[in-house]
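Now for the letters of each chain:
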Amino acid sequence: MKTPIPFVIDPEPKVWWPVRVSVPVDAGFAEFAFEAQLRVYSEADYARLLPEAAPDAAQPDLRAVLARNAELIPQFVADWRGVTDPAGQPMPIAALPATLTGPYGKAFSVGFNRAIAELRYGVAPDGESASRGNSAPPPAAGSTADAAAVEEPTI
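Here is a short report on the structure shown in this document. Just so it is clear, the structure is predicted and the values come from calculations on it, not from any experiment.

1. Here we look at the overall build of the protein chain
Check the secondary structure of the protein chain and you find five helices and three strands. Helices and strands appear in the protein chain in the N-to-C order β-β-α-α-β-α-α-α. Taking all 155 residues of the protein chain together, the buried fraction comes to 34%. Put simply, of all contacts in the protein chain between residues at least 6 apart along the chain, 60% involve residues at least 24 apart. Total accessible area on the protein chain stands at roughly 9,900 Å², and carbon and sulfur atoms take up 58% of it.

Spelled out as structure tokens, the structure:
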């Protein structure tokens, strides 16, 4: 009989999670991937950190969305690996806010939004349910990881 592995309840869990970013290249787009260490929150904390926009709220311009993302996303991302500068040197996580408002801000926002939604709703990065019986609500009931991946980056 195998010895069970104890389940440790970490009060401030973090997990390494893949982030996919699609950026423009000559004559198209290229998808890049790196890993981010994401903080795992309770649903109450997700709701507090990611307030829903009112249905009749004015749509902010993209600059405002990216500026807001530069404030919000660092609350979810503790670290990253596989992100480098043009010389191939690792970019420090402190560069995240500037990255979110820079030339690839929209792409990074969409990638992080997708990764956070996957983690929040229990959807594996490949789109499979993270565990049996654990899935995001149907689209009629609200946002899902797949829906979040195609929405504007309003994280």
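2. Describing helix α4 (residues 105-121)
Given a rise of 1.5 Å per residue, 17 residues ought to cover 24 Å, and the 24 Å separating the end C-alpha atoms of α4 matches this to within 8%. Most of α4 sits inside the fold, with 16 of its 17 residues counted as buried. The positive-phi residue at the C-terminal boundary of α4 is G122, with phi of around 75 degrees.

3. Considerations on the layout of surface pockets
Size it by volume and the second largest pocket reaches roughly 410 Å³. Of all elements in the fold, only β1 (14-25) and β2 (28-39) reach the threshold of two or more residues within the lining of the second largest pocket. Of the residues forming the lining of the second largest pocket, the biggest block, three residues, is contributed by β2. Within the lining of the second largest pocket, the residues separate by chemical class into 12 nonpolar, four polar and one charged.

4. With respect to the nonpolar core
A general feature of soluble globular proteins is that nonpolar side chains tend to end up buried together. Residues F34, L38, V77 and F112 are the most contacted members of the largest nonpolar core, which totals 24 residues. The set of elements that each furnish at least two residues to this core consists of β1, β2, α1 (43-49), β3 (77-81), α3 (96-101) and α4. The contact partners of F34, leaving out residues within four places of it in the chain, are W17, P18, V19, V21, W80, R81, G82, V83, F108 and F112.

5. A few points about unusual backbone geometry
Non-glycine residue A27 carries a positive phi angle of around 65 degrees. On the secondary structure map, A27 appears in the loop between β1 and β2.

6. Remarks on the packing of aromatic side chains
Under the definition given, this model contains eight aromatic pairs. Arranged with centres 6.0 Å apart and planes meeting at 90 degrees, the rings of F34 and W80 form a pair that is edge-to-face. One end of the pair, F34, is in strand β2; the other, W80, is in strand β3, with 46 residues separating them in the sequence. Like F34, the residue W80 is buried in the burial classification. A connected cluster of aromatic rings, assembled from ring pairs, spans F34, W80, F108 and F112.

7. Comments concerning the sheet that holds β3
Strand order in the open sheet formed by three strands is β1-β2-β3, and the pairing between neighbours is antiparallel. The open sheet has two edge strands with one neighbour each: β1 and β3. Pairwise comparison of adjacent strand axes, ignoring direction, gives a mean angle of 35 degrees for this sheet. Where β2 lies against β3, four bridges are found, and the strand directions are antiparallel. Note that in β3 the partner of L38 across the bridge is V77. Here α4 sits on the sheet in contact with β1, β2 and β3, set at roughly 150 degrees to β1.

Parameters and conventions
- Residues numbered from 1 in each chain as written.
- Predicted model: local features only at pLDDT ≥ 70, side-chain atom pairs only at ≥ 80, totals over all residues.
- Heavy atoms only, no water.
- Helix = DSSP H or I, 4+ residues; strand = E, 2+ residues; numbered from the N terminus.
- Buried < 20%, exposed > 50% of the residue type's maximum accessible area, 1.4 Å probe, protein only.
- Contact = heavy atoms within 4.5 Å.
- Areas by Shrake-Rupley, 256 points an atom, 1.4 Å probe, with all protein chains shown as cover.
- Expected span 1.5 Å × (residues − 1).
- 1 Å grid on protein atoms, 1.4 Å probe; cavity = no way out; pocket = protein on both sides within 12 Å on 5 of 7 lines; lining within 4 Å.
- Points joined across faces, edges and corners; volume = space filled by probe spheres on them.
- Nonpolar A, V, L, I, M, F, W, Y, C, P; charged D, E, K, R; others polar.
- Core = buried A, V, L, I, M, F, W, Y, C linked by side-chain atoms within 4.5 Å.
- Phe/Tyr/Trp six-rings, centres within 6.5 Å; stacked < 30°, edge-to-face > 60°.
- Pairing = 2+ DSSP bridges.
- Axes fitted to C-alpha atoms, helices over the stretch in contact; angles between N-to-C directions.

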